[in-house]
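Residue-level listing of the chains:
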Amino acid sequence: MGTYSEELEWHVAGPYACATSSVQIAVQSCLELLGTRVDVIPVIMPVTSAPDTLSAVLRAGGHPLLLDIEEEHLQMDPAQLADALGMLEEQKRVPVILFNRPFRMPVREVLLELVADYPSIVDSRVIPHEHLSGPDIPCTFNVFDLAPVCGAGAVTIHAFPEQMKQLKIVRDGPMGLAGTLPELLAEKALTEIKSIDREAYWEEVEKFQGTEHHVMGPSTEPGVVWLKVDNARRKAATLKSYGVEAVVGLAPLYELEEVRRRYQEEPEYPVTKALENSFVCFNYKDIDKALKVL
């Protein structure tokens, strides 16, 4: 088969997959392939995107346009997305739309319908597996996370092999990003992905049912567990003190100084502000530990 990285790509999606050393490199590669190095392209994305996703946009030369979310799904507000697309159309500018997947749930159909005529990327933060189907790969580029199984890395999937060849050139060609997934990580990721038992994972998650916390979703995808809590910052600190690596689930980008410097006036994000301390996240492998603590 060749390298472990190539074997991992083939296991996940054959010629439709490209493995990289990080999610940031994956998103940056996709944007550069879409032309952000030769034109200033607006990138519409939720204000709750991960900081490394924003870094990818900026490093690729894109212009981030941050939108608020809606309360039920924590995905971009459809009305705001429609307004942003209309504004850019008036300016005769074609954006790239960058989605995330809070709770690891699929991108909402109403959002996909709005952007059907635009290039799109989904930063899913979900572990890839060998039976990916329509809801898993709804966008032009679909980025999956390897960090929960090997500590770092990503796999990007596209519907056309020729595009993936070009993406790999961006990733590691003569003028590329040197972003190939290291072989030790690729070997570990391949072993772990083959061994994941999704049914057993969901049985573990169900241990939280009936407690004061609950798993958001529901999702059958292993990865990062999202819990809704009263004070996410306090709960994350408590979990860390017991050896569970936990983070606040919503970390709005407007809190970053680099983002504040880009705007003369800070846009308003009322839904995000209301929910920003409501979710705590940790690796699905730490469910038993977290249950004892919480």
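Attention here is on the structure that accompanies the text.

Reading the values: the criteria
- Residues numbered from 1 in each chain as written.
- Predicted model: local features only at pLDDT ≥ 70, side-chain atom pairs only at ≥ 80, totals over all residues.
- Heavy atoms only, no water.
- Helix = DSSP H or I, 4+ residues; strand = E, 2+ residues; numbered from the N terminus.
- Buried < 20%, exposed > 50% of the residue type's maximum accessible area, 1.4 Å probe, protein only.
- Contact = heavy atoms within 4.5 Å.
- Areas by Shrake-Rupley, 256 points an atom, 1.4 Å probe, with all protein chains shown as cover.
- Axes fitted to C-alpha atoms, helices over the stretch in contact; angles between N-to-C directions.
- Parallel < 35°, antiparallel > 145°, perpendicular 65-115°, else oblique.
- Left-handed = near helix turned anticlockwise from the far one by under 90°.
- Nonpolar A, V, L, I, M, F, W, Y, C, P; charged D, E, K, R; others polar.
- Core = buried A, V, L, I, M, F, W, Y, C linked by side-chain atoms within 4.5 Å.
- Pairing = 2+ DSSP bridges.
- Salt bridge = Lys/Arg side-chain N within 4 Å of Asp/Glu carboxyl O.
- Right-handed = clockwise from strand over helix to strand, strands pointing away.
- Polar contact = N/O pair within 3.5 Å; in protein donor to acceptor, adjacent residues only side chain to side chain.
- Phe/Tyr/Trp six-rings, centres within 6.5 Å; stacked < 30°, edge-to-face > 60°.

Attention now goes to the overall build of the protein. Tallying secondary structure elements over the protein gives 13 helices and eleven strands in all. Buried positions account for 49% of the 294 residues belonging to the protein. A separation of at least 24 residues holds for 65% of the contacts in the protein among residues at least 6 apart in sequence. Accessible surface computed for the protein: about 13800 Å², of which carbon and sulfur atoms make up 52%.

Take the packing of helix α2 (residues 23–33) against helix α7 (residues 161–172) next. Running from N to C, α2 and α7 cross one another at 115°; their axes reach a closest spacing of 9 Å. By the angle between their axes, α2 is roughly perpendicular relative to α7. Two packed elements cross with a definite hand, and for α2 against α7 that hand is right-handed. Mapping the contact onto sequence places Ser-29, Cys-30, Glu-32 and Leu-33 in α2 and Gln-163, Gln-166, Leu-167, Val-170 and Arg-171 in α7. Considered class by class, the residues forming the contact of α2 with α7 number four nonpolar, three polar and two charged.

Ranked by internal contacts, the top residues of the largest apolar core, which has 32 residues, are Leu-8, Leu-146, Val-155 and Phe-282. If we skip the residues at most four places from it in the chain, Val-155 touches Leu-8, Val-12, Ala-17, Cys-18, Ala-19, Pro-128, Asn-142, Val-143, Phe-144 and Leu-146. Membership of the second largest hydrophobic core comes to 27 residues, among which are Ile-41, Ala-60, Ile-121 and Tyr-254.

Below, the discussion takes up the sheet that holds strand β6 (residues 141–145). Backbone hydrogen bonds are what pair the strands of a sheet, in a parallel or an antiparallel way. With mixed pairing, seven strands are arranged side by side in an open sheet as β1-β7-β6-β5-β4-β2-β3. The open sheet is flanked by β1 (17–20) and β3 (63–67), the only strands paired with a single partner. Each adjacent strand pair in this sheet contributes to an overall mean axis angle of 20°, direction not counted. Of the strands in this sheet, β1 and β7 (154–157) are in contact with helix α1 (residues 4–13), which crosses β1 at around 135°.

To continue, consider the pattern of salt bridges. Overall, the coordinates contain eleven salt bridges when judged by the stated rule. With a shortest N-O distance of 3.2 Å, Arg-37 and Glu-32 are connected by a salt bridge. Its relative accessible area of 18% is what places Glu-32 among the buried residues. The partner of Arg-233 in a salt bridge is Glu-276, and the shortest N-O contact between them spans 4.0 Å. One end of the pair, Arg-233, is in helix α10 (residues 232–241); the other, Glu-276, is in the loop between α12 (270–275) and β11 (279–283), with 43 residues separating them in the sequence. The partly exposed category is assigned to Arg-233, whose relative accessible area is 42%. Using a relative accessible area of 16% as the deciding quantity, one classes Glu-276 as buried. Overlapping salt bridges bring together Glu-9, Lys-168, Arg-171 and Asp-172 as one network.

This part covers the pairing of strand β4 (residues 96–100). For β4, a buried count of five out of five residues is recorded, marking the element as mostly surrounded by other parts of the structure. Alignment of strand β2 (residues 42–46) against β4, held across two bridges, turns out to be parallel. The partner of Val-43 across the bridge, within β4, is Val-96. Here β4 pairs with strand β5 (residues 120–123) via four bridges, running parallel. Residue pairing across strands places Phe-99 opposite Val-122, the latter belonging to β5. Read from β4 through helix α5 (residues 109–114) to β5, the crossover connection turns out right-handed.

Burial analysis of α2 places ten of its eleven residues in the buried class, the great majority of the element. Taken residue by residue, α2 has Val-23, Gln-24, Ile-25, Ala-26, Val-27, Gln-28, Ser-29, Cys-30, Leu-31 and Glu-32 as its buried positions. A distance of 3.5 Å separates the backbone nitrogen of Gln-24 from a side-chain oxygen at the start of α2, and that oxygen is part of Ser-22. Looking one or two residues beyond α2, the residue adopting positive phi is Gly-35, at roughly 110°.

This next bit is on the environment of Cys-139. Tracing the backbone shows Cys-139 in the loop between β5 and β6. For Cys-139, a relative accessible area of 9% gives the class buried. Considered as a pair, Cys-139 and Leu-98 are 41 residues apart in the sequence and their alpha carbons are 9.2 Å apart.

Attention now goes to the packing of aromatic side chains. Applying the stated criterion across every chain yields a total of one aromatic pair. Where Tyr-254 meets Tyr-269, the ring centres are 5.5 Å apart and the plane angle is 15°; that geometry is what we call stacked. Within this pair, whereas Tyr-254 is found in the loop between β10 (246–248) and α11 (257–260), its partner Tyr-269 is found in the loop between α11 and α12, the two being separated by 15 residues in sequence. Of the residues examined, Tyr-254 reaches a relative accessible area of 6% and is grouped as buried.

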